[in-house]
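# Results of the structural survey
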Amino acid sequence: MTFSAILFYILAAIVLYGAVGTVISKNPVHAALHLVLTFCVSAMIWMLMQAEFLGLTLVVVYVGAVMVLFLFVVMMLNIDIEELRAGFWRHAPVAGIVGVLLAVAVILILVNPKTDLAAFGLMKDLPADYNNIRDLGQQIYTTYLLPFELAAVLLLLGMVAAIALVHRKNNNPKYINPADQVKVNPNVGRMRLVKMQAVMPSENVENKADSDGQAEGEGKA
């Protein structure tokens, strides 16, 4: 076994540890940090496979932007961890079925005789003028166009799910239902400006203010 193969297995074990830690961590900040570790080590695997563009993109986009924003949001929001984990066991059977189906799909792909595992492992030497960015773009928009579009739809669903979780009904007094805002009548319930006549201070009030000022000045003197 070569040094590259040993390094690949070590990085793969770290990726599995980070992925499991992301799922089972009770603290959202710890889960986000495990996910950062997973992304960084995955970028190292991409670099080992001579896919430098994918590795750098993973670090710059996900670790440098998405995860930093996620950490800021998690730390600023007052998240009730117990409330988030309340429906865990209720949805655990569905999650287990989906996980088993994904595992079976991956195993069937790996044991398929038509699958060339060498193409997914340590890549062979490439010519000096090889451009992996151009090759990646050609593969995405020709051979893998449908999976690429499906991945975009999954990301959209994830964004919609995040927005739905944030705007779900809770006991937050600052929460405002957008539907109620749309139904507001502009002629009723809005702020109304009232014009009032100017009130001039009486002569007694002015004399009292002057006497108070003089007494204050004498006291300082």
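Residues numbered from 1 in each chain as written. Predicted model: local features only at pLDDT ≥ 70, side-chain atom pairs only at ≥ 80, totals over all residues. Heavy atoms only, no water.

## Quick look at the overall build of the protein
A count of helices and strands for the protein gives 10 helices and 0 strands. Taken from N to C terminus, the helices and strands of the protein fall in the order α-α-α-α-α-α-α-α-α-α. Taking all 221 residues of the protein together, 13% fall into the buried category. A sequence separation of at least 24 residues applies to 60% of the contacts in the protein between residues at least 6 apart. With the model as given, the accessible surface of the protein reaches about 18500 Å², and the carbon-plus-sulfur share is 69%. (Helix = DSSP H or I, 4+ residues; strand = E, 2+ residues; numbered from the N terminus. Buried < 20%, exposed > 50% of the residue type's maximum accessible area, 1.4 Å probe, protein only. Contact = heavy atoms within 4.5 Å. Areas by Shrake-Rupley, 256 points an atom, 1.4 Å probe, with all protein chains shown as cover.)

## Digging into the packing of aromatic side chains
Across all of its chains, the model carries 3 aromatic pairs by this definition. With a centroid separation of 5.6 Å and an interplanar angle of 65 degrees, the aromatic rings of tyrosine 141 and phenylalanine 148 are classed as edge-to-face. With a relative accessible area of 35%, phenylalanine 148 lands in the partly exposed category. (Phe/Tyr/Trp six-rings, centres within 6.5 Å; stacked < 30°, edge-to-face > 60°.)

## Points about the nonpolar core
Membership of the largest hydrophobic core is limited to 8 residues, which are Ala32, Val36, Phe39, Ala43, Leu58, Val63, Met67 and Leu71. Of all the secondary structure elements, the ones that give two or more residues to this core are α2 (28–48) and α3 (52–76). Setting aside residues no more than four positions away along its own chain, alanine 32 makes contact with Met67, Phe70 and Leu71. By size, the runner-up hydrophobic cluster in this structure holds 5 residues, among which are Leu11, Val15, Val41 and Ile45. (Core = buried A, V, L, I, M, F, W, Y, C linked by side-chain atoms within 4.5 Å.)

## Digging into the side chain of serine 25
By secondary structure assignment, the location of serine 25 is in the loop between α1 (3–24) and α2. By relative accessible area, which is 18% here, serine 25 ends up buried. Of the polar contacts made by the side chain of serine 25, one reaches the backbone oxygen of glycine 21; its length is 2.3 Å. (Polar contact = N/O pair within 3.5 Å; in protein donor to acceptor, adjacent residues only side chain to side chain.)

## Some words on a nonpolar patch on the surface
Taken together, the side chains of Val68, Leu69, Phe72, Val73, Met75, Met76 and Leu77 make up a nonpolar region of the molecular surface, amounting to roughly 710 Å² of accessible area. With respect to the helices, strands and loops of the structure, methionine 76 is situated in helix α3. The exposure class assigned to methionine 76 is exposed, which follows from its relative accessible area of 66%. (Patch = residues over 30% accessible without salt bridge, like charges linked within 9 Å, V, L, I, M, F, W, Y side chains within 5 Å. Salt bridge = Lys/Arg side-chain N within 4 Å of Asp/Glu carboxyl O.)

## Details of the packing of α2 against α3
Close contact between α2 and α3 brings their axes to 8 Å; oriented N to C, the two are set at 175 degrees. In terms of axis orientation, α2 runs roughly antiparallel to α3. Counted together, Pro28, Val29, Ala32, Leu33, Leu35, Val36, Phe39, Cys40, Ser42, Ala43, Trp46 and Met47 of α2 and Glu52, Leu54, Gly55, Leu58, Val59, Tyr62, Val63, Met67, Phe70, Leu71, Val74 and Met75 of α3 form the full contact between these two elements. Across the contact of α2 with α3, the residue classes break down as 21 nonpolar, 2 polar and 1 charged. (Axes fitted to C-alpha atoms, helices over the stretch in contact; angles between N-to-C directions. Parallel < 35°, antiparallel > 145°, perpendicular 65-115°, else oblique. Nonpolar A, V, L, I, M, F, W, Y, C, P; charged D, E, K, R; others polar.)

## Considerations on α1
Since the α-helix advances by 3.6 residues per turn, residues separated by three or four positions end up pointing in the same direction. With 22 residues, α1 extends 32 Å between its outermost C-alpha atoms, agreeing within 8% with the 32 Å of an ideal straight helix rising 1.5 Å per residue. Along α1, the residues that are buried comprise Ala5, Leu11, Val15, Gly18 and Gly21. (Expected span 1.5 Å × (residues − 1).)

## Details of the side chain of threonine 38
Along the chain, the position of threonine 38 falls in helix α2. Residue threonine 38 is classed as buried on the basis of its relative accessible area, which comes to 9%. Only 2.9 Å separates the side chain of threonine 38 from the backbone oxygen of histidine 34, close enough to count as a polar contact. If we ignore the near neighbours within four places in the chain, the residues touching threonine 38 are Val15, Gly18, Ala19 and Thr22.

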